[in-house]
Amino acid sequence: MDTYSSFTKLFSLSLLILFLLLKSSSAQLDTNYYYSSCPDLLPTVKGVVESAIAQEARMGASLLRLFFHDCFVNGCDGSLLLDDTPTFTGEKTAQPNKGSVRGFEVIDQIKSAVEALCPGVVSCSDILAITARDSVVSLGGPDWDVKLGRRDSTTASLSEANNELPGPSSDLNTLISKFAAKGLSAKDMVALSGAHTIGRARCVNFRSHIYNDSNIEILLASSVQLICPETTGSGDTNLAPLDLQSETVFDAGYYQNLITFNGLLHSDQELFNGGETDLHVVLYSTLPGVFFADFVDGMVKMGDITPLTGSAGEVRKNCRKIN
């Protein structure tokens, strides 16, 4: 009995330690993290974001996408922002990022403004998180309190960036699997995909869908084919709105498009194609408030993906290079 009791206590203690280890990183994040150390952080970031979006509305989608592409590769650690050097290979040249991710100059502007206020205090990874929220709000989307306290990585992974990010040709099972690997559910995946209610995509990423797939409205395919030739290498960088109805407004139009088979990307239309996520799409298309709530929930969860906290990593002085 004593042996059994000791084993039970030891097992319970091991479970508690494991639970605390798993929770420790996100538990150290706090919406008030910079309340004393950089009290004007949030309005400073917001001002630069709003100015950038006023100059180019598409920039809001680009800044939101930076956060997603950063968090899905070894967590929300700002590794995406690191430039290549003769002795260092970052993630910007990975296939999902090359010629696609943009907005780095806006992050530079924000970092410079924040450094002038609070030198060496605010991480680039936290700037990405705040910027993503402010971009959504600026385009009419939901607001939320951003958890902060992340630190910046001193490494990056080209191979992880090539392998971990879901692509525009992904099928539903692949999408669900890649999100599940980050601790995100199928519902989270559908809600976060709603970010495609803003922004544009390159011809190279939707060519196969508009020429080869049958689950696409013929009028959409025909109209987009005018700017995206079937021949590979021709017009690859030409752009089309992900949401033809309201590309600069964060709303539920994306899901309404999917129900009428007006999804621009193959991966988008996979969310409404006779699979397990169809009901989520229908729900969000009819109840935008539910979409907003689930999107916020998904963004908070995504922001919790293995952040560096405490003494791990660093607070970069320049987001493009390690200190």
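As the structure is a prediction and not an experimental result, all values here were calculated from the model.

Draft legend 1. Fine view of the side chain of Glu115. Along the chain, Glu115 falls in helix 4 (residues 104-117). According to the relative accessible area criterion, Glu115 is buried, its value standing at 17%. In terms of polar contacts, Glu115 uses its side chain to reach the backbone amide nitrogen of Gly120, at 3.1 Å. For Glu115, the residues in contact, after removing those within four places along its chain, are Gly120, Val121, Val122, Arg316 and Lys317.

Draft legend 2. Focus on the packing of helix 8 (residues 186-193) against helix 13 (residues 278-286). Direction vectors running N to C along helix 8 and helix 13 enclose 45°, while the axes themselves pass 10 Å from each other. Considering their axes alone, helix 8 and helix 13 lie oblique with respect to each other. For the element pair helix 8 and helix 13, the recorded crossing hand is right-handed. Contacts between helix 8 and helix 13 involve Lys187, Val190 and Ala191 on the former and, on the latter, His280, Val281 and Tyr284.

Draft legend 3. The packing of helix 2 (residues 41-55) against helix 4, seen in detail. Their axes nearest at 10 Å, the elements helix 2 and helix 4 cross at an angle of 150°. Considering their axes alone, helix 2 and helix 4 lie roughly antiparallel with respect to each other. The handedness of the crossing between helix 2 and helix 4 is right-handed. Only Val106, Gln109, Ile110, Ala113, Val114 and Leu117 of helix 4 make contact with helix 2, whose side of the interface consists of Leu41, Thr44, Val45, Val48, Val49 and Ala52. Across the contact of helix 2 with helix 4, the residue classes break down as ten nonpolar, two polar and no charged.

Thresholds, definitions, all that
The numbers attached to residues start from 1 for each chain and follow its sequence in the written order. Only residues with pLDDT of 70 or above have their local features reported here, since the model is predicted, and side-chain atom pairs are shown and tallied only from 80 upward, although totals for entire chains, interfaces and linings are computed over all residues. Side-chain metrics in this entry use all non-hydrogen atoms of the structure; hydrogen atoms and water are not considered. Secondary structure elements are taken from DSSP: a helix is a run of H or I of four residues or more, a strand is a run of E of two residues or more, and numbering for both begins at the N terminus. Three labels apply to residues, based on accessible area from a 1.4 Å probe with only protein chains included: buried if under 20% of the type maximum, exposed if over 50%, partly exposed otherwise in between. In protein, a polar contact means a hydrogen-donor-capable atom and an acceptor-capable atom, both N or O and within 3.5 Å, with residues adjacent in sequence counting only if both atoms are side-chain atoms; elsewhere, any N or O pair within 3.5 Å suffices. In what follows, residue pairs with any heavy atoms lying within 4.5 Å of each other are defined as contacts. Axis definition: a line fitted to C-alpha atoms, limited for helices to the stretch in contact. Angles are taken between N-to-C directions and run from 0 to 180 degrees. Angles below 35 degrees are treated as roughly parallel, those above 145 as roughly antiparallel, those between 65 and 115 as roughly perpendicular, and all remaining angles as oblique. The hand of a helix crossing depends on one turn: near helix anticlockwise from the far one by less than a right angle means left-handed, and clockwise means right-handed. Here the term charged refers only to Asp, Glu, Lys and Arg, the term nonpolar to Ala, Val, Leu, Ile, Met, Phe, Trp, Tyr, Cys and Pro, and the term polar to all other amino acids, Gly among them.

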